[in-house]
Amino acid sequence: MTDLVEVRPGVYHDSVTLMRVSQALTARPEVAVAVVAMGTDLNAGLARDLGFEVPPTTPGDLLVAIRAASAADLGEAAAELERQLATTGAAGGTARDEAPPRTVRSAARSWEATVALVSVPGEHAFAEALDAVEAGLSVMIFSDNVPVEQEILLKDRARARGVLVMGPDCGTAVVGGAGLGFANVLRPGPVGVVAASGTGAQQVTCLLDIAGVGVSHVLGVGGRDLSAEVGGRSAVQALRALDEDPATELIVLISKPPAPEAARAVRDLDLATPVVAALLGPGQDDLTAVAEKALRALGRDVPEWPSWPAGDAPAREGRRPLRGLYSGGTLCAEAALISGAAEPGGEARFVDFGDDAYTRGRAHPMIDPSLRREALRGVGSGVVLLDVVLGHGADPDPSSWLAPEIRDATARGVDVVVALVGADGDPQGPRAQAARLNEAGAAVFTSNAAAARHARRLADG
């Protein structure tokens with residue numbers, strides 16, 4: 001085996017793009033392993049754990065570490081690396097003749113922007129987001145691991161400037177038909193969404209899309225916005241903005257259980273537009289029920305939500321363990337409530353791999369399946385429930401890795417249930433994804449709530 005290790009100072013690209021470059025290189029038969037990532041301590045440590053001799057790096061450096069069978073193979077892999085980086089723009093340069101802007105403010109002046117998207121490590125997000133706000137831009141902060149004190153300061157400053165902060169940890173938004181972050185391809189329509197939950201918004205809007213109903217805007221506000229500390233600062237602004245939007249006939253408000261004072265802040269608003277609330281918690285409507293309420297409020301029929309049952313499985317007696325392996329936090333919380341995992345003494349065990357504890361220094365599990373794949377391989381019996389979320393920004397073909405794992409799991413006697421969240425226009429093709437997962441042995445549901453109920457029935461025996 002022959003190694004190539006390079007540190008390229010000042011060459012930056014987002015972690016998602018670099019992860020896909022790494023995957024493309026690793027997929028080559030002559031390459032044993034490839035790490036192409038920013039030179040953070042975590043990434044440098046990962047490369048060293050793989051046996052590479054890595055010199056000192058900084059988070060502003062591009063780290064390249066490739067191992068191939070021979071020097072000739074390594075040369076071919078290095079050439080492919082350069083092609084990949086040139087295609088993504090990671091090798092530097094710009095499509096414009098002039099030098100690219102060096103700050104958010106200068107970019108706003110150059111490009112007449114109205115919205116900025118911040119996706120940098122959490123410790124650096126505050127400065128970039130504040131720069132955007134001071135430039136008069138609304139900002140979506142995709143970054144997580146941002147201190148709550150910084151979130152409050154940003155949102156107070158944004159309100160004073162008359163702009164909106166979506167986030168931090170805002171996974172999805174649709175503004176004027178343009179998807180940001182993890183974005184499903186949704187038809188335009190009369191429903192506006194305010195969401196302190198990315199995957200919750202995706203579930204509701206995808207169900208509406210299946211029913212033929214589109215959205216005007218989806219304004220994510222970050223998972224902490226309706227906490228006691230943040231107090232619904234962005235949710236209040238977003239609700240008022242949608243209330244003033246003539247294209248919005250109905251507003252859906254989605255959140256994990258809010259703090260009482262934050263709930264009062266949004267409930268006490270005097271809005272002309274009707275609001276359907278989806279505030280997850282014991283005794284509250286699930287996300288599918290909220291989508292159905294929204295359809296009825298618009299005078300639309302509620303369809304039968306598509307599902308693909310698994311083939312006949314051997315009879316299994318007695319209660320069996322249930323594992324939830326989720327990439328979406330709200331979907332995980334909803335499934336845990338429905339399955340009984342949230343009950344005192346509940347036997348089911350659910351993990352949200354999109355939680356900050358799992359994403360520090362690595363790509364979100366909707367993009368990087370490695371942690372969930374490892375967890376699924378570790379399940380030897382019982383029932384596994386997991387989500388697959390489609391759309392721009394997500395894994396371009398999740399069934400390519402998940403279907404083989406499902407076959408292996410079912411061969412071990414594990415029942416696999418999948419909640420597939422996607423719209424017909426998504427690039428992955430939701431019906432094709434569902435068919436491949438179902439053919440591998442999984443029961444597939446477009447309703448996460450229905451998937452959770454089915455998984456509980458299987459676990460109960």
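The following paragraphs examine the structure supplied in this document. Since the model is a prediction, treat every value here as computed from it, not as a measurement.

**Focus on the overall build of the protein**
- For the protein, the helix and strand inventory stands at 16 helices and 18 strands.
- In terms of overall dimensions, the protein is globule-like: its C-alpha atoms have a radius of gyration of 23 Å, near the 23 Å expected for 461 residues.
- Across its three principal axes, the protein shows a C-alpha extent of roughly 65 × 65 × 40 Å.
- The buried share of the protein, taken over its 461 residues, is 52%.
- Partitioning the contacts of the protein with sequence separation of at least 6, the portion at a separation of at least 24 is 74%.
- Entry remark: accessible area of the protein is about 19,900 Å², with carbon and sulfur atoms responsible for 51%.
- For the protein, the distance from the average site of its 41 positive side-chain charges to the average site of its 59 negative ones is 2 Å.

**Looking at the sheet that holds strand β1 (residues 2-9)**
- Strand order in the open sheet formed by three strands is β1-β3-β2, and the pairing between neighbours is antiparallel. Taken across any chain shown, the strands that pair with only one partner, and hence form the sheet edges, are β1 and β2 (31-38). Taking the axes of each pair of neighbouring strands and ignoring which way they run, one obtains an average angle of 5 degrees across the sheet.
- Sheet topology note: the β2/strand β3 (residues 61-68) ladder contains seven bridges and is antiparallel. Its bridge partner lying in β3, Val31 is registered against Ala68.

**A word on the sheet that holds strand β5 (residues 138-141)**
- Taken in spatial order, the three strands make up an open sheet running β4-β5-β6, and their pairing is parallel. Edge positions in the sheet fall to β4 (115-118) and β6 (165-166), since each has one partner strand and no second.
- As defined by bridge partners, β4 adjoins β5 across four bridges and the pair is classed as parallel. Residue pairing in the sheet places Val115 in a bridge with Ser138 of β5.

**So, empty space enclosed by the protein**
- Under the criterion given, the structure shown has four cavities of 30 Å³ or more.
- Lining of the largest cavity is provided by Ser327, Pro365, Met366, Pro369, Arg372, Asp387, Val388, Val389, Asp395, Pro398 and Trp401.
- When residues in the lining of the largest cavity are grouped by element, the largest group, three residues, is from strand β16 (residues 383-389).
- Each residue belonging to the lining of the largest cavity can be placed in one class, and the counts come to seven nonpolar, one polar and three charged.
- Each pocket or cavity is described by its volume, and for the second largest cavity that value is around 70 Å³.

**As for the packing of helix α11 (residues 329-339) against helix α16 (residues 448-460)**
- For the pair α11 and α16, the least separation of the axes is 9 Å and the interaxial angle reads 40 degrees. For the element pair α11 / α16, the angle class is oblique. In this structure, α11 meets α16 at a crossing whose hand is right-handed. Here Leu331, Glu334, Ala335, Ile338 and Ser339 of α11 lie close against α16, whose contacting residues are Asn448, Ala449, Ala452, Arg453 and Arg456.
- Grouping the constituent residues of the contact of α11 with α16 by class yields five nonpolar, two polar and three charged.

**Concerning the pattern of salt bridges**
- Per the stated rule, a full pass over the model turns up 23 salt bridges.
- Between Glu151 and Lys155 there is a salt bridge, with the nearest N and O atoms lying 2.8 Å from each other. Here Glu151 and its partner Lys155 are both found in helix α6 (residues 148-161), four residues apart, which amounts to about one turn of the helix.
- Classification of Lys155 as buried rests on a relative accessible area of 1%.
- Salt-bridge contacts for Asp285 lead to Lys293; the nearest nitrogen and oxygen are separated by 2.6 Å.
- Taken together, the shared-partner salt bridges connect Arg28, Glu30, Glu76, Glu80 and Arg83 into one network.

Parameters at a glance
Residues numbered from 1 in each chain as written. Predicted model: local features only at pLDDT ≥ 70, side-chain atom pairs only at ≥ 80, totals over all residues. Heavy atoms only, no water. Helix = DSSP H or I, 4+ residues; strand = E, 2+ residues; numbered from the N terminus. Rg over C-alpha atoms; globule rule 2.2 N^0.38 Å. Buried < 20%, exposed > 50% of the residue type's maximum accessible area, 1.4 Å probe, protein only. Contact = heavy atoms within 4.5 Å. Areas by Shrake-Rupley, 256 points an atom, 1.4 Å probe, with all protein chains shown as cover. Lys, Arg positive; Asp, Glu negative; His and termini not counted. Charge placed at Lys NZ, Arg CZ, Asp CG, Glu CD. Pairing = 2+ DSSP bridges. Axes fitted to C-alpha atoms, helices over the stretch in contact; angles between N-to-C directions. 1 Å grid on protein atoms, 1.4 Å probe; cavity = no way out; pocket = protein on both sides within 12 Å on 5 of 7 lines; lining within 4 Å. Points joined across faces, edges and corners; volume = space filled by probe spheres on them. Nonpolar A, V, L, I, M, F, W, Y, C, P; charged D, E, K, R; others polar. Parallel < 35°, antiparallel > 145°, perpendicular 65-115°, else oblique. Left-handed = near helix turned anticlockwise from the far one by under 90°. Salt bridge = Lys/Arg side-chain N within 4 Å of Asp/Glu carboxyl O.

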